[in-house]
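Tertiary structure, described
Chain by chain, the residues:
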Amino acid sequence: MTEPKQRTGQPVSFRGGGFAPKPRRWFGAAVFVTLIALAEWGTRSGFISALTLPKPSDVLATFGELYTSGLLFKHLLPSLSRLAVGAALGVSIGVSVGILIGLFSYMRAGLVPLVAAIFPIPKIALLPLFVIWFGIGEGSKYALIAFGTFTPTVVATYGAVDNVDRTLIRMGQSFGLSWWSIVRKIVFPGALPGILSGLRISLAIAIILLVAAEMLGAEYGIGAYILEAGSLYDLERLFVGVVILSLLGVITSGVIALIERRLLDWRA
Amino acid sequence: MEITLDNISHAYGDTTVLQDVSHTINAQQIVCIVGPSGCGKSTLLRFLGGLEQPDAGRVLQYGDPPEGCLNPLTFVFQDFALLPWRSVSGNISLVLEDHGIRGARAKAIIEDVLLRTKLGDFARALPRQLSGGMKQRVAIARALAVNPAVMLLDEPLSALDSQTRELLMDDLVDLWTRQPFTAVYVTHNLAEAVRLGHQVVVLSRRPGRIREVVTIDKPLAEREFGDRDLEAHQKHLWQLLRDEARAADAELIHD
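Below, the structure is looked at part by part. (Residues numbered from 1 in each chain as written. Chains lettered and ligands numbered in written order. Predicted model: local features only at pLDDT ≥ 70, side-chain atom pairs only at ≥ 80, totals over all residues. Heavy atoms only, no water.)

**Notes on the overall build of chain A**
Looking only at helices and strands, chain A has 10 helices and zero strands in total. Along the chain direction, N to C, the helices and strands of chain A fall in the order α-α-α-α-α-α-α-α-α-α. For 268 residues, the compact-globule estimate of 2.2 N^0.38 gives 18 Å, and the C-alpha radius of gyration of chain A, at 25 Å, exceeds that figure by more than 25%. Its C-alpha atoms give chain A principal-axis dimensions of roughly 80 × 70 × 30 Å. Here chain A holds 268 residues, and 37% of them are scored as buried. The contacts of chain A with a sequence gap of at least 6 include a subset with a gap of at least 24, amounting to 69%. Carbon and sulfur atoms form 70% of the exposed surface of chain A, whose accessible area is close to 16,100 Å². (Helix = DSSP H or I, 4+ residues; strand = E, 2+ residues; numbered from the N terminus. Rg over C-alpha atoms; globule rule 2.2 N^0.38 Å. Buried < 20%, exposed > 50% of the residue type's maximum accessible area, 1.4 Å probe, protein only. Contact = heavy atoms within 4.5 Å. Areas by Shrake-Rupley, 256 points an atom, 1.4 Å probe, with all protein chains shown as cover.)

So this is what it looks like as C-alpha coordinates:
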(Lines give C-alpha, C1' and ligand atoms only; values in the text may rest on other atoms or scores of the structure.)
Protein backbone atom coordinates (compact mmCIF):
# COMPACT_ATOMS: atom_id res chain seq x y z
CA MET A 1 0.00 0.00 0.00
CA THR A 2 1.22 3.48 -0.84
CA GLU A 3 1.46 6.24 1.74
CA PRO A 4 -1.82 8.15 1.79
CA LYS A 5 0.12 11.39 2.39
CA GLN A 6 1.74 11.36 -0.99
CA ARG A 7 -1.48 11.20 -2.97
CA THR A 8 -3.87 14.09 -3.37
CA GLY A 9 -7.46 12.94 -3.24
CA GLN A 10 -10.21 14.58 -5.24
CA PRO A 11 -13.44 15.03 -3.29
CA VAL A 12 -16.32 13.15 -4.87
CA SER A 13 -18.57 15.80 -6.35
CA PHE A 14 -22.11 15.92 -4.97
CA ARG A 15 -24.80 15.15 -7.51
CA GLY A 16 -27.73 14.01 -5.41
CA GLY A 17 -30.46 16.10 -3.81
CA GLY A 18 -33.28 18.11 -5.31
CA PHE A 19 -36.52 16.71 -6.77
CA ALA A 20 -38.13 16.93 -3.34
CA PRO A 21 -40.00 20.20 -2.71
CA LYS A 22 -40.25 21.07 0.95
CA PRO A 23 -42.78 23.39 2.58
CA ARG A 24 -41.67 27.04 2.65
CA ARG A 25 -44.44 28.57 4.66
CA TRP A 26 -44.37 32.31 4.04
CA PHE A 27 -42.91 32.38 0.57
CA GLY A 28 -46.29 32.14 -1.16
CA ALA A 29 -47.58 35.14 0.78
CA ALA A 30 -44.35 37.01 0.05
CA VAL A 31 -44.86 36.57 -3.72
CA PHE A 32 -48.37 38.05 -3.44
CA VAL A 33 -47.20 40.98 -1.32
CA THR A 34 -44.32 41.77 -3.68
CA LEU A 35 -46.53 41.75 -6.77
CA ILE A 36 -49.14 43.97 -5.14
CA ALA A 37 -46.47 46.33 -3.80
CA LEU A 38 -44.98 46.52 -7.28
CA ALA A 39 -48.37 47.39 -8.78
CA GLU A 40 -48.97 50.01 -6.10
CA TRP A 41 -45.58 51.61 -6.67
CA GLY A 42 -46.04 51.48 -10.45
CA THR A 43 -49.46 53.12 -10.47
CA ARG A 44 -48.46 55.77 -7.91
CA SER A 45 -45.30 56.76 -9.75
CA GLY A 46 -47.12 56.84 -13.06
CA PHE A 47 -44.92 54.08 -14.44
CA ILE A 48 -48.16 52.16 -15.01
CA SER A 49 -50.98 54.35 -16.36
CA ALA A 50 -54.29 54.42 -14.52
CA LEU A 51 -56.01 52.94 -17.56
CA THR A 52 -53.79 49.86 -17.57
CA LEU A 53 -54.23 48.82 -13.97
CA PRO A 54 -56.17 50.23 -11.04
CA LYS A 55 -54.28 51.23 -7.93
CA PRO A 56 -54.35 48.31 -5.44
CA SER A 57 -55.14 50.78 -2.61
CA ASP A 58 -58.15 52.05 -4.60
CA VAL A 59 -59.31 48.48 -5.13
CA LEU A 60 -59.07 47.94 -1.39
CA ALA A 61 -61.05 51.12 -0.74
CA THR A 62 -63.74 49.98 -3.20
CA PHE A 63 -63.86 46.66 -1.41
CA GLY A 64 -64.34 48.53 1.86
CA GLU A 65 -67.26 50.45 0.36
CA LEU A 66 -68.80 47.26 -0.88
CA TYR A 67 -68.52 45.80 2.60
CA THR A 68 -69.91 48.80 4.47
CA SER A 69 -72.81 49.18 2.05
CA GLY A 70 -73.80 45.61 2.85
CA LEU A 71 -73.78 44.74 -0.83
CA LEU A 72 -70.85 42.36 -0.41
CA PHE A 73 -72.93 39.66 1.26
CA LYS A 74 -75.87 40.36 -1.01
CA HIS A 75 -73.60 39.33 -3.88
CA LEU A 76 -71.56 36.74 -2.09
CA LEU A 77 -74.27 34.63 -0.44
CA PRO A 78 -76.23 33.71 -3.60
CA SER A 79 -72.93 32.93 -5.31
CA LEU A 80 -71.80 30.69 -2.48
CA SER A 81 -75.10 28.82 -2.37
CA ARG A 82 -75.01 28.28 -6.16
CA LEU A 83 -71.45 27.07 -5.86
CA ALA A 84 -72.30 24.74 -2.98
CA VAL A 85 -75.42 23.21 -4.56
CA GLY A 86 -73.97 22.91 -8.06
CA ALA A 87 -70.61 21.52 -6.97
CA ALA A 88 -72.21 19.12 -4.45
CA LEU A 89 -74.47 17.74 -7.18
CA GLY A 90 -71.70 17.45 -9.77
CA VAL A 91 -69.13 15.99 -7.40
CA SER A 92 -71.43 13.41 -5.80
CA ILE A 93 -72.78 12.17 -9.13
CA GLY A 94 -69.27 12.31 -10.57
CA VAL A 95 -67.76 10.23 -7.77
CA SER A 96 -70.55 7.63 -8.02
CA VAL A 97 -70.28 7.33 -11.80
CA GLY A 98 -66.48 7.26 -11.55
CA ILE A 99 -66.61 4.35 -9.09
CA LEU A 100 -69.07 2.48 -11.35
CA ILE A 101 -66.74 3.01 -14.33
CA GLY A 102 -63.85 1.82 -12.20
CA LEU A 103 -65.67 -1.38 -11.21
CA PHE A 104 -67.83 -2.52 -14.13
CA SER A 105 -66.64 -3.44 -17.62
CA TYR A 106 -69.81 -2.32 -19.40
CA MET A 107 -69.95 0.95 -17.51
CA ARG A 108 -66.37 1.58 -18.54
CA ALA A 109 -66.89 0.59 -22.17
CA GLY A 110 -70.04 2.67 -22.43
CA LEU A 111 -69.28 5.75 -20.39
CA VAL A 112 -65.58 6.48 -20.88
CA PRO A 113 -66.05 7.55 -24.54
CA LEU A 114 -69.15 9.51 -23.54
CA VAL A 115 -67.27 11.38 -20.82
CA ALA A 116 -64.40 12.00 -23.25
CA ALA A 117 -66.94 13.46 -25.67
CA ILE A 118 -68.53 15.72 -23.04
CA PHE A 119 -65.33 16.87 -21.35
CA PRO A 120 -63.99 19.26 -24.03
CA ILE A 121 -67.33 20.98 -24.65
CA PRO A 122 -67.16 24.47 -23.10
CA LYS A 123 -70.08 24.18 -20.72
CA ILE A 124 -70.68 27.92 -21.08
CA ALA A 125 -71.70 27.26 -24.66
CA LEU A 126 -74.50 25.08 -23.37
CA LEU A 127 -75.91 27.75 -21.08
CA PRO A 128 -78.80 28.64 -23.43
CA LEU A 129 -79.71 24.97 -23.52
CA PHE A 130 -79.71 24.79 -19.73
CA VAL A 131 -81.89 27.89 -19.58
CA ILE A 132 -84.42 26.15 -21.82
CA TRP A 133 -84.26 22.93 -19.79
CA PHE A 134 -84.11 24.31 -16.27
CA GLY A 135 -85.45 27.85 -16.57
CA ILE A 136 -83.73 31.20 -16.20
CA GLY A 137 -83.69 30.94 -12.39
CA GLU A 138 -81.38 29.03 -10.11
CA GLY A 139 -81.97 25.67 -11.83
CA SER A 140 -79.90 26.45 -14.90
CA LYS A 141 -77.08 27.83 -12.77
CA TYR A 142 -76.97 24.71 -10.59
CA ALA A 143 -77.05 22.54 -13.71
CA LEU A 144 -74.21 24.40 -15.39
CA ILE A 145 -71.94 24.15 -12.35
CA ALA A 146 -72.93 20.54 -11.70
CA PHE A 147 -72.29 19.56 -15.30
CA GLY A 148 -68.94 21.34 -15.33
CA THR A 149 -67.69 19.68 -12.15
CA PHE A 150 -69.10 16.29 -13.11
CA THR A 151 -66.69 15.43 -15.94
CA PRO A 152 -63.35 16.17 -14.23
CA THR A 153 -64.61 14.40 -11.11
CA VAL A 154 -65.52 11.28 -13.10
CA VAL A 155 -62.13 11.16 -14.80
CA ALA A 156 -60.24 11.66 -11.53
CA THR A 157 -62.38 9.11 -9.70
CA TYR A 158 -62.11 6.22 -12.12
CA GLY A 159 -58.40 6.85 -12.44
CA ALA A 160 -58.15 6.70 -8.65
CA VAL A 161 -60.23 3.50 -8.49
CA ASP A 162 -57.94 1.94 -11.10
CA ASN A 163 -55.02 2.69 -8.83
CA VAL A 164 -56.47 0.96 -5.77
CA ASP A 165 -54.21 -1.93 -4.84
CA ARG A 166 -55.87 -5.06 -6.28
CA THR A 167 -54.32 -7.26 -3.61
CA LEU A 168 -56.39 -5.37 -1.04
CA ILE A 169 -59.56 -6.13 -2.99
CA ARG A 170 -58.56 -9.78 -3.31
CA MET A 171 -57.92 -9.80 0.43
CA GLY A 172 -61.45 -8.51 1.00
CA GLN A 173 -62.86 -11.24 -1.21
CA SER A 174 -60.77 -13.90 0.51
CA PHE A 175 -62.34 -12.95 3.83
CA GLY A 176 -65.80 -13.18 2.36
CA LEU A 177 -66.57 -9.45 2.57
CA SER A 178 -69.71 -8.42 0.72
CA TRP A 179 -69.45 -6.45 -2.51
CA TRP A 180 -70.77 -3.35 -0.80
CA SER A 181 -68.31 -3.71 2.07
CA ILE A 182 -65.43 -4.00 -0.37
CA VAL A 183 -66.54 -0.84 -2.19
CA ARG A 184 -67.16 1.09 1.01
CA LYS A 185 -64.21 -0.03 3.09
CA ILE A 186 -61.52 -0.78 0.51
CA VAL A 187 -62.21 0.80 -2.89
CA PHE A 188 -63.51 4.18 -1.73
CA PRO A 189 -60.89 4.94 0.94
CA GLY A 190 -58.19 3.66 -1.41
CA ALA A 191 -59.39 6.01 -4.15
CA LEU A 192 -59.88 8.97 -1.83
CA PRO A 193 -56.42 10.57 -2.35
CA GLY A 194 -57.01 10.63 -6.12
CA ILE A 195 -60.59 11.84 -5.74
CA LEU A 196 -59.53 14.71 -3.49
CA SER A 197 -56.78 15.87 -5.82
CA GLY A 198 -59.34 15.75 -8.65
CA LEU A 199 -61.64 17.82 -6.47
CA ARG A 200 -59.18 20.71 -6.52
CA ILE A 201 -59.56 20.95 -10.29
CA SER A 202 -63.33 20.39 -10.21
CA LEU A 203 -63.91 23.16 -7.68
CA ALA A 204 -61.74 25.63 -9.58
CA ILE A 205 -63.84 24.87 -12.67
CA ALA A 206 -66.97 25.34 -10.54
CA ILE A 207 -65.87 28.88 -9.65
CA ILE A 208 -65.20 29.69 -13.31
CA LEU A 209 -68.63 28.42 -14.28
CA LEU A 210 -70.30 30.23 -11.40
CA VAL A 211 -69.29 33.55 -12.92
CA ALA A 212 -70.35 32.41 -16.37
CA ALA A 213 -73.76 31.38 -15.08
CA GLU A 214 -74.26 34.64 -13.19
CA MET A 215 -73.38 36.70 -16.23
CA LEU A 216 -76.67 35.57 -17.65
CA GLY A 217 -79.78 36.66 -15.83
CA ALA A 218 -78.68 37.13 -12.25
CA GLU A 219 -79.39 40.26 -10.28
CA TYR A 220 -76.99 39.46 -7.46
CA GLY A 221 -73.82 37.39 -7.43
CA ILE A 222 -70.10 37.91 -7.92
CA GLY A 223 -70.51 37.23 -11.62
CA ALA A 224 -73.26 39.81 -12.00
CA TYR A 225 -71.14 42.31 -10.07
CA ILE A 226 -68.14 41.73 -12.34
CA LEU A 227 -70.25 41.90 -15.49
CA GLU A 228 -71.75 45.22 -14.42
CA ALA A 229 -68.34 46.66 -13.52
CA GLY A 230 -66.87 45.38 -16.77
CA SER A 231 -69.54 46.95 -18.96
CA LEU A 232 -68.91 50.30 -17.24
CA TYR A 233 -65.12 49.89 -17.50
CA ASP A 234 -64.99 50.42 -13.76
CA LEU A 235 -61.63 48.72 -13.23
CA GLU A 236 -61.61 49.11 -9.44
CA ARG A 237 -64.85 47.23 -9.02
CA LEU A 238 -63.88 44.71 -11.66
CA PHE A 239 -60.75 43.96 -9.69
CA VAL A 240 -62.67 43.72 -6.43
CA GLY A 241 -64.77 40.99 -8.06
CA VAL A 242 -61.71 39.24 -9.43
CA VAL A 243 -59.99 39.34 -6.04
CA ILE A 244 -63.06 37.84 -4.39
CA LEU A 245 -62.96 34.97 -6.91
CA SER A 246 -59.26 34.44 -6.25
CA LEU A 247 -59.87 34.36 -2.52
CA LEU A 248 -62.66 31.85 -3.09
CA GLY A 249 -60.19 29.67 -5.00
CA VAL A 250 -57.56 29.94 -2.28
CA ILE A 251 -60.14 29.12 0.41
CA THR A 252 -61.53 26.03 -1.36
CA SER A 253 -58.01 24.78 -2.00
CA GLY A 254 -57.23 25.36 1.69
CA VAL A 255 -60.36 23.51 2.76
CA ILE A 256 -59.39 20.53 0.59
CA ALA A 257 -55.89 20.58 2.09
CA LEU A 258 -57.53 20.51 5.53
CA ILE A 259 -59.75 17.59 4.56
CA GLU A 260 -56.72 15.78 3.16
CA ARG A 261 -54.83 16.29 6.37
CA ARG A 262 -57.75 14.94 8.38
CA LEU A 263 -58.73 11.99 6.19
CA LEU A 264 -55.39 11.00 4.70
CA ASP A 265 -53.20 11.17 7.80
CA TRP A 266 -52.48 7.46 7.27
CA ARG A 267 -50.28 8.38 4.31
CA ALA A 268 -47.45 9.52 6.60
CA MET B 1 -61.77 -30.22 7.61
CA GLU B 2 -60.01 -31.93 4.74
CA ILE B 3 -59.49 -30.47 1.33
CA THR B 4 -58.73 -32.29 -1.90
CA LEU B 5 -57.34 -31.18 -5.22
CA ASP B 6 -58.88 -33.38 -7.87
CA ASN B 7 -57.07 -33.45 -11.22
CA ILE B 8 -56.49 -29.73 -11.46
CA SER B 9 -55.32 -28.36 -14.81
CA HIS B 10 -55.10 -24.75 -15.82
CA ALA B 11 -53.81 -22.56 -18.63
CA TYR B 12 -53.34 -18.84 -19.01
CA GLY B 13 -53.91 -18.30 -22.72
CA ASP B 14 -51.62 -20.76 -24.50
CA THR B 15 -49.40 -21.49 -21.52
CA THR B 16 -50.40 -24.45 -19.44
CA VAL B 17 -49.40 -23.69 -15.87
CA LEU B 18 -50.78 -26.72 -14.04
CA GLN B 19 -51.47 -30.23 -15.24
CA ASP B 20 -53.31 -33.03 -13.46
CA VAL B 21 -52.52 -32.00 -9.93
CA SER B 22 -54.22 -34.19 -7.32
CA HIS B 23 -53.49 -34.10 -3.63
CA THR B 24 -55.29 -34.29 -0.30
CA ILE B 25 -54.53 -31.89 2.51
CA ASN B 26 -55.02 -33.65 5.84
CA ALA B 27 -56.61 -31.93 8.77
CA GLN B 28 -54.27 -30.29 11.29
CA GLN B 29 -51.23 -30.62 9.09
CA ILE B 30 -49.15 -28.06 7.29
CA VAL B 31 -48.57 -28.87 3.64
CA CYS B 32 -45.82 -26.89 1.96
CA ILE B 33 -45.85 -26.46 -1.80
CA VAL B 34 -42.48 -25.73 -3.37
CA GLY B 35 -41.47 -25.42 -6.99
CA PRO B 36 -39.55 -23.24 -9.42
CA SER B 37 -40.92 -19.81 -10.19
CA GLY B 38 -43.85 -19.78 -12.57
CA CYS B 39 -44.84 -23.38 -11.81
CA GLY B 40 -48.29 -22.28 -10.68
CA LYS B 41 -47.94 -22.76 -6.93
CA SER B 42 -49.64 -19.49 -6.06
CA THR B 43 -52.30 -20.20 -8.67
CA LEU B 44 -52.93 -23.54 -6.97
CA LEU B 45 -53.41 -21.74 -3.67
CA ARG B 46 -55.91 -19.32 -5.21
CA PHE B 47 -57.87 -22.36 -6.50
CA LEU B 48 -57.87 -23.77 -2.98
CA GLY B 49 -59.23 -20.51 -1.59
CA GLY B 50 -61.81 -20.01 -4.33
CA LEU B 51 -60.25 -16.81 -5.65
CA GLU B 52 -59.74 -18.35 -9.08
CA GLN B 53 -61.28 -21.25 -10.95
CA PRO B 54 -59.29 -24.00 -12.64
CA ASP B 55 -59.96 -24.85 -16.31
CA ALA B 56 -60.33 -28.51 -15.39
CA GLY B 57 -60.61 -30.47 -12.18
CA ARG B 58 -62.21 -29.63 -8.85
CA VAL B 59 -61.32 -28.52 -5.38
CA LEU B 60 -63.39 -30.45 -2.85
CA GLN B 61 -63.83 -29.95 0.85
CA TYR B 62 -64.86 -32.74 3.20
CA GLY B 63 -66.41 -32.33 6.58
CA ASP B 64 -67.83 -29.24 8.20
CA PRO B 65 -65.72 -26.32 9.34
CA PRO B 66 -65.28 -26.17 13.12
CA GLU B 67 -67.76 -24.39 15.35
CA GLY B 68 -67.34 -20.63 15.40
CA CYS B 69 -65.48 -20.57 12.10
CA LEU B 70 -66.26 -17.36 10.21
CA ASN B 71 -64.20 -17.92 7.10
CA PRO B 72 -63.17 -21.55 6.53
CA LEU B 73 -60.51 -20.84 3.88
CA THR B 74 -58.39 -17.90 4.95
CA PHE B 75 -55.42 -16.34 3.18
CA VAL B 76 -52.22 -14.78 4.41
CA PHE B 77 -50.63 -12.84 1.56
CA GLN B 78 -47.00 -12.20 0.71
CA ASP B 79 -47.40 -8.43 0.72
CA PHE B 80 -49.52 -8.44 3.90
CA ALA B 81 -52.57 -6.77 2.28
CA LEU B 82 -53.27 -4.51 5.24
CA LEU B 83 -55.48 -1.48 4.75
CA PRO B 84 -53.07 1.43 5.30
CA TRP B 85 -55.86 3.70 6.55
CA ARG B 86 -56.90 1.38 9.35
CA SER B 87 -55.04 0.75 12.56
CA VAL B 88 -53.91 -2.73 13.56
CA SER B 89 -57.15 -3.43 15.42
CA GLY B 90 -59.14 -1.76 12.62
CA ASN B 91 -57.62 -4.14 10.11
CA ILE B 92 -58.74 -7.07 12.21
CA SER B 93 -62.18 -5.68 12.92
CA LEU B 94 -62.62 -5.29 9.12
CA VAL B 95 -63.02 -9.05 8.74
CA LEU B 96 -65.36 -9.30 11.74
CA GLU B 97 -67.71 -6.44 10.82
CA ASP B 98 -69.28 -8.32 7.93
CA HIS B 99 -70.22 -11.13 10.29
CA GLY B 100 -71.99 -8.67 12.56
CA ILE B 101 -69.33 -8.91 15.23
CA ARG B 102 -68.84 -5.47 16.77
CA GLY B 103 -68.28 -3.82 20.08
CA ALA B 104 -67.27 -5.94 23.06
CA ARG B 105 -67.33 -9.24 21.17
CA ALA B 106 -65.04 -7.89 18.48
CA LYS B 107 -62.78 -6.35 21.10
CA ALA B 108 -62.39 -9.67 22.87
CA ILE B 109 -61.45 -11.47 19.64
CA ILE B 110 -59.02 -8.73 18.60
CA GLU B 111 -57.34 -8.73 22.00
CA ASP B 112 -57.00 -12.49 21.92
CA VAL B 113 -55.42 -12.71 18.46
CA LEU B 114 -53.10 -9.77 19.11
CA LEU B 115 -51.87 -11.48 22.25
CA ARG B 116 -51.34 -14.73 20.38
CA THR B 117 -49.24 -12.92 17.77
CA LYS B 118 -47.38 -10.82 20.37
CA LEU B 119 -48.90 -7.57 19.13
CA GLY B 120 -50.73 -6.63 22.32
CA ASP B 121 -49.14 -3.18 22.54
CA PHE B 122 -49.70 -2.18 18.94
CA ALA B 123 -53.48 -2.25 18.56
CA ARG B 124 -53.67 1.44 17.67
CA ALA B 125 -50.62 1.66 15.39
CA LEU B 126 -51.02 2.30 11.68
CA PRO B 127 -49.46 -0.17 9.22
CA ARG B 128 -46.89 2.40 8.06
CA GLN B 129 -45.49 2.52 11.58
CA LEU B 130 -44.82 -1.23 11.64
CA SER B 131 -41.85 -3.21 10.40
CA GLY B 132 -42.38 -5.89 7.76
CA GLY B 133 -42.36 -8.65 10.31
CA MET B 134 -44.96 -6.92 12.48
CA LYS B 135 -47.16 -6.27 9.45
CA GLN B 136 -47.15 -9.95 8.62
CA ARG B 137 -47.96 -10.77 12.24
CA VAL B 138 -50.96 -8.45 11.95
CA ALA B 139 -52.02 -10.32 8.82
CA ILE B 140 -51.66 -13.62 10.69
CA ALA B 141 -53.65 -12.20 13.61
CA ARG B 142 -56.35 -11.14 11.16
CA ALA B 143 -56.43 -14.65 9.73
CA LEU B 144 -56.69 -16.17 13.21
CA ALA B 145 -59.55 -13.80 14.10
CA VAL B 146 -61.94 -15.56 11.71
CA ASN B 147 -61.01 -18.92 13.21
CA PRO B 148 -60.18 -20.57 9.87
CA ALA B 149 -60.49 -24.28 9.09
CA VAL B 150 -57.64 -24.06 6.59
CA MET B 151 -55.00 -21.31 6.42
CA LEU B 152 -53.68 -20.59 2.96
CA LEU B 153 -50.30 -18.89 3.19
CA ASP B 154 -48.92 -17.44 -0.04
CA GLU B 155 -45.16 -16.94 0.45
CA PRO B 156 -45.90 -15.21 3.75
CA LEU B 157 -42.28 -14.66 4.70
CA SER B 158 -40.80 -13.88 1.29
CA ALA B 159 -40.99 -10.11 1.71
CA LEU B 160 -39.08 -10.24 5.00
CA ASP B 161 -35.37 -10.27 5.81
CA SER B 162 -33.87 -13.57 6.86
CA GLN B 163 -33.68 -12.78 10.59
CA THR B 164 -37.29 -11.70 10.79
CA ARG B 165 -38.15 -14.81 8.81
CA GLU B 166 -36.55 -17.05 11.46
CA LEU B 167 -38.47 -15.27 14.22
CA LEU B 168 -41.76 -15.59 12.40
CA MET B 169 -41.16 -19.26 11.66
CA ASP B 170 -40.73 -19.80 15.40
CA ASP B 171 -43.96 -17.89 15.98
CA LEU B 172 -45.83 -20.01 13.45
CA VAL B 173 -44.51 -23.21 15.05
CA ASP B 174 -45.62 -21.92 18.48
CA LEU B 175 -49.06 -21.07 17.15
CA TRP B 176 -49.45 -24.49 15.60
CA THR B 177 -48.14 -26.32 18.66
CA ARG B 178 -50.57 -24.56 20.96
CA GLN B 179 -53.50 -25.12 18.66
CA PRO B 180 -52.87 -27.26 15.57
CA PHE B 181 -54.40 -25.88 12.40
CA THR B 182 -54.60 -27.04 8.80
CA ALA B 183 -52.48 -25.01 6.43
CA VAL B 184 -51.23 -24.90 2.88
CA TYR B 185 -48.00 -22.98 2.73
CA VAL B 186 -46.63 -21.92 -0.64
CA THR B 187 -42.98 -20.93 -0.68
CA HIS B 188 -39.87 -20.99 -2.81
CA ASN B 189 -37.71 -21.17 0.31
CA LEU B 190 -36.79 -24.77 1.05
CA ALA B 191 -35.63 -23.97 4.60
CA GLU B 192 -39.15 -22.75 5.40
CA ALA B 193 -40.63 -25.84 3.77
CA VAL B 194 -38.66 -28.35 5.84
CA ARG B 195 -39.13 -26.32 9.00
CA LEU B 196 -42.90 -25.95 8.80
CA GLY B 197 -44.15 -28.72 6.56
CA HIS B 198 -45.53 -32.05 7.67
CA GLN B 199 -45.62 -32.73 3.97
CA VAL B 200 -43.70 -31.00 1.20
CA VAL B 201 -45.23 -31.17 -2.26
CA VAL B 202 -42.65 -30.60 -4.98
CA LEU B 203 -44.00 -29.22 -8.24
CA SER B 204 -42.16 -29.45 -11.55
CA ARG B 205 -41.57 -26.43 -13.75
CA ARG B 206 -44.35 -25.27 -16.04
CA PRO B 207 -46.66 -27.03 -16.69
CA GLY B 208 -46.65 -27.78 -12.97
CA ARG B 209 -47.11 -31.40 -12.01
CA ILE B 210 -46.48 -33.07 -8.67
CA ARG B 211 -42.98 -34.52 -8.82
CA GLU B 212 -42.77 -35.90 -5.35
CA VAL B 213 -44.41 -35.62 -1.97
CA VAL B 214 -41.90 -35.64 0.88
CA THR B 215 -43.20 -36.46 4.34
CA ILE B 216 -41.26 -35.15 7.32
CA ASP B 217 -42.19 -36.99 10.51
CA LYS B 218 -40.24 -34.98 13.05
CA PRO B 219 -42.69 -32.96 15.21
CA LEU B 220 -42.69 -29.24 14.43
CA ALA B 221 -41.77 -28.21 17.96
CA GLU B 222 -38.60 -30.30 17.87
CA ARG B 223 -37.36 -28.85 14.62
CA GLU B 224 -34.66 -26.26 14.93
CA PHE B 225 -32.57 -23.95 12.82
CA GLY B 226 -29.79 -26.02 11.22
CA ASP B 227 -31.09 -29.48 12.18
CA ARG B 228 -29.06 -32.25 10.53
CA ASP B 229 -32.02 -34.32 9.38
CA LEU B 230 -33.91 -31.27 8.16
CA GLU B 231 -30.86 -30.30 6.14
CA ALA B 232 -30.86 -33.74 4.58
CA HIS B 233 -34.48 -33.21 3.55
CA GLN B 234 -33.65 -29.76 2.26
CA LYS B 235 -30.77 -31.15 0.21
CA HIS B 236 -33.03 -33.80 -1.25
CA LEU B 237 -35.59 -31.15 -2.20
CA TRP B 238 -32.93 -28.99 -3.78
CA GLN B 239 -31.72 -31.93 -5.88
CA LEU B 240 -35.27 -32.41 -7.09
CA LEU B 241 -35.70 -28.73 -7.88
CA ARG B 242 -32.32 -27.71 -9.16
CA ASP B 243 -32.66 -28.70 -12.80
CA GLU B 244 -36.27 -27.60 -12.87
CA ALA B 245 -35.31 -24.22 -11.49
CA ARG B 246 -32.50 -23.81 -13.99
CA ALA B 247 -34.76 -24.66 -16.91
CA ALA B 248 -37.53 -22.41 -15.57
CA ASP B 249 -35.05 -19.56 -15.21
CA ALA B 250 -34.10 -19.83 -18.89
CA GLU B 251 -37.70 -19.58 -20.09
CA LEU B 252 -39.32 -16.45 -21.43
CA ILE B 253 -42.06 -15.05 -19.31
CA HIS B 254 -45.49 -15.18 -20.90
CA ASP B 255 -47.77 -12.84 -19.16
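**With respect to the overall build of chain B**
Helices and strands together make up the secondary structure of chain B, namely seven helices and nine strands. Whereas a compact globule of 255 residues would reach a radius of gyration of roughly 18 Å, chain B reaches 18 Å, a difference of no more than 12%. Its C-alpha atoms give chain B principal-axis dimensions of roughly 55 × 40 × 35 Å. Out of the 255 residues belonging to chain B, those deemed buried represent 53%. Considering only contacts within chain B whose residues lie at least 6 apart along the sequence, 74% involve residues at least 24 apart. Total accessible area computed for chain B in this model is approximately 11,800 Å², and 46% of it derives from carbon and sulfur atoms. Measuring between centres, the 27 positive side-chain charges of chain B sit 4 Å from its 34 negative side-chain charges. (Lys, Arg positive; Asp, Glu negative; His and termini not counted. Charge placed at Lys NZ, Arg CZ, Asp CG, Glu CD.)

**Regarding the interface of chain B and chain A**
With 24 residues of chain B in contact, the opposing surface of chain A contributes 19 residues. Buried area between chain B and chain A, summed over both chains or domains, comes out near 1,800 Å², and the portion from carbon and sulfur atoms is 67%. Ranking the residues of chain B by area buried against chain A places W85(B), D98(B) and R128(B) at the top, with a combined share of 33%. For the pair chain B and chain A, the number of links is two salt bridges. A salt bridge links E97(B) to K185(A), with the shortest nitrogen-to-oxygen separation between them at 2.7 Å. Listed by contribution, the elements that provide at least two residues to the side of chain B that touches chain A are strand 5 (73–76), helix 2 (88–97) and helix 4 (132–145) of chain B. (Buried area = accessible area lost by both parts, 1.4 Å probe. Salt bridge = Lys/Arg side-chain N within 4 Å of Asp/Glu carboxyl O.)

**Focus: the packing of aromatic side chains**
All names here are of chain A. Throughout the structure, instances matching the rule amount to nine aromatic pairs over all chains. Between W133 and F134, the ring centres sit 6.2 Å apart and the planes meet at 80°, which makes this aromatic pair edge-to-face. On the accessibility criterion, W133 (57% relative accessible area) is exposed. These aromatic residues form a ring-pair network of at least three members: F130, W133, F134 and F147. For the cation-ring pair, K123 lies above F147, with the distance from its terminal atom to the ring centre recorded as 6.0 Å. (Phe/Tyr/Trp six-rings, centres within 6.5 Å; stacked < 30°, edge-to-face > 60°. Lys NZ or Arg CZ within 6 Å of the ring centre and 35° of its normal.)

**Structural notes on the sheet that holds strand 2 (residues 15–25) of chain B**
All names here are of chain B. An order of 2-1-4 is seen for the three strands of this open sheet, with the pairing classed as antiparallel. Two strands bound the open sheet, and with one partner strand each, they are strand 2 and strand 4 (56–62). In this sheet, adjacent strand axes meet at a mean angle of 10° when their direction is disregarded. Where strand 1 (residues 2–12) and strand 4 come together, six bridges link them in antiparallel fashion. (Pairing = 2+ DSSP bridges. Axes fitted to C-alpha atoms, helices over the stretch in contact; angles between N-to-C directions.)

**Some remarks on the pairing of strand 2 of chain B**
Residues and elements named next belong to chain B. Pairing of strand 1 with strand 2, which is carried by seven bridges, proceeds in the antiparallel orientation. When the sheet's bridge partners are listed, L5 is paired in strand 2 with H23. Two successive antiparallel strands, strand 1 and strand 2, enclose a turn made up of two residues, where G13 displays a positive phi of approximately 65°.

**Things to note about the sheet that holds strand 8 (residues 199–203) of chain B**
All names here are of chain B. Reading across the sheet, the six strands line up as 5-6-7-3-8-9 and stay open at both edges, with mixed pairing between neighbours. With partners counted over all chains shown, the strands left at the sheet margins are strand 5 and strand 9 (210–215), one partner each. Strand-to-strand twist across the sheet, computed as the mean angle between neighbouring axes with direction ignored, equals 20°. Two elements, strand 8 and strand 9, share five bridges in a ladder whose sense is antiparallel. From the neighbouring strand, V200 faces strand 9, where its bridge partner is V214. Across the sheet, helix 4 lies against strand 5 and strand 6 (150–154), angled at about 175° from strand 5, the strand it touches most.

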